[in-house]
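# Chain and residue survey
So you can see what is in the structure, the chains are spelled out below.
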Amino acid sequence: MVYGYAGIRAGESSEERLGELSKYPIAQENIFTDKMSGKQGRSGYLALKQKLHRGDLLVLPSLEDLGNNYETILWEWRELTERKGVHIKVQKKAMLDTRRGEETVQVVEELLECMAEREREKSAIQARGIRNAKERGVQFGRPQTEYSEGFIETAREFHQKRITLEEAMRRMGVKKSGVYYHTQKLIEAGVIAVENCK
């Protein structure tokens, strides 16, 4: 059986990604996709893995569809090719077709191991750099917001439902999400008491 999978990342068009799969004869019901974001899981990919059996062919637009880093890609590659016995064909790279023989599987695996190792080394260097910077007193993240008394009073009135969202936006000079964000921050900091709300 032939299956297709495409992970659609932010800024990519699903039509474009699925168009790459349409170059290969795959039944529509055998094409799985996921929106690749940090918050969403890969339910389409997990459903696909349940259907794959020894000898099936999985067509991918690119190798990165297997994961968001080389460690994950390597793990998925081994899971599919070694444990499940599934063939993989990468549309963008003609050489990446495991039906060409065991040598292809081994070469790709060795390359992925090298890339995963480089990624780990880079992460370790970055972690050391961050640790050293923190030891030197470098501050990371957003700078702390300093609120004026008028800003705090507006947030308090909004929280107590004494003014409308539109009025709070106008007085604070922020968008709707900013009113909720800053009001919540002031509540968390204990500046606005929760028990005072009506």
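Because the structure is a prediction, the values reported are computed rather than measured. (Residues numbered from 1 in each chain as written. Predicted model: local features only at pLDDT ≥ 70, side-chain atom pairs only at ≥ 80, totals over all residues. Heavy atoms only, no water.)

## Remarks on the overall build of the protein chain
The secondary structure content of the protein chain amounts to seven helices and four strands. Each helix and strand of the protein chain, ordered N terminal to C terminal, gives the series β-α-β-α-β-α-β-α-α-α-α. Burial status across the protein chain gives 38% buried among its 198 residues. Of the contacts made within the protein chain by residues no fewer than 6 positions apart, 62% connect residues no fewer than 24 positions apart. As presented, the protein chain carries roughly 12900 Å² of accessible surface, and 51% of it is formed by carbon and sulfur atoms. (Helix = DSSP H or I, 4+ residues; strand = E, 2+ residues; numbered from the N terminus. Buried < 20%, exposed > 50% of the residue type's maximum accessible area, 1.4 Å probe, protein only. Contact = heavy atoms within 4.5 Å. Areas by Shrake-Rupley, 256 points an atom, 1.4 Å probe, with all protein chains shown as cover.)

## A short note on the sheet that holds strand β4 (residues 87–90)
Overall, parallel pairing links the four strands, which are arranged β2-β1-β3-β4 in an open sheet. Either end of the sheet is taken by a strand with one partner, and the two such strands are β2 (31–36) and β4. Taking each pair of neighbouring strands and ignoring which way they run, the sheet shows an average axis angle of 20 degrees. This element, helix α2 (residues 43–51), spans β1 (2–9), β2 and β3 (57–60) of the sheet and lies at about 150 degrees to β2. (Pairing = 2+ DSSP bridges. Axes fitted to C-alpha atoms, helices over the stretch in contact; angles between N-to-C directions.)

## Quick notes on the packing of aromatic side chains
According to the stated counting rule, one finds three aromatic pairs in the structure shown. Residues F158 and Y180 carry aromatic rings whose centres are separated by 5.5 Å and whose planes lie at 75 degrees to one another, so their mutual orientation is edge-to-face. With a gap of 22 residues between them, F158 in helix α5 (residues 149–159) and Y180 in helix α7 (residues 176–188) connect regions that are remote in the sequence. Classification of F158 as buried rests on a relative accessible area of 13%. (Phe/Tyr/Trp six-rings, centres within 6.5 Å; stacked < 30°, edge-to-face > 60°.)

## Comments concerning helix α1 (residues 14–21)
Of all the residues in α1, the buried ones are R17, E20 and L21. Considered in projection along α1, the buried side chains sweep an arc of 110 degrees and stay on one side of the axis. For α1, exposure combined with an orientation more than 90 degrees from the buried face picks out E15 and E16. On its buried face, α1 is in contact with β1, β2 and β3. (Arc of directions from axis to C-beta.)

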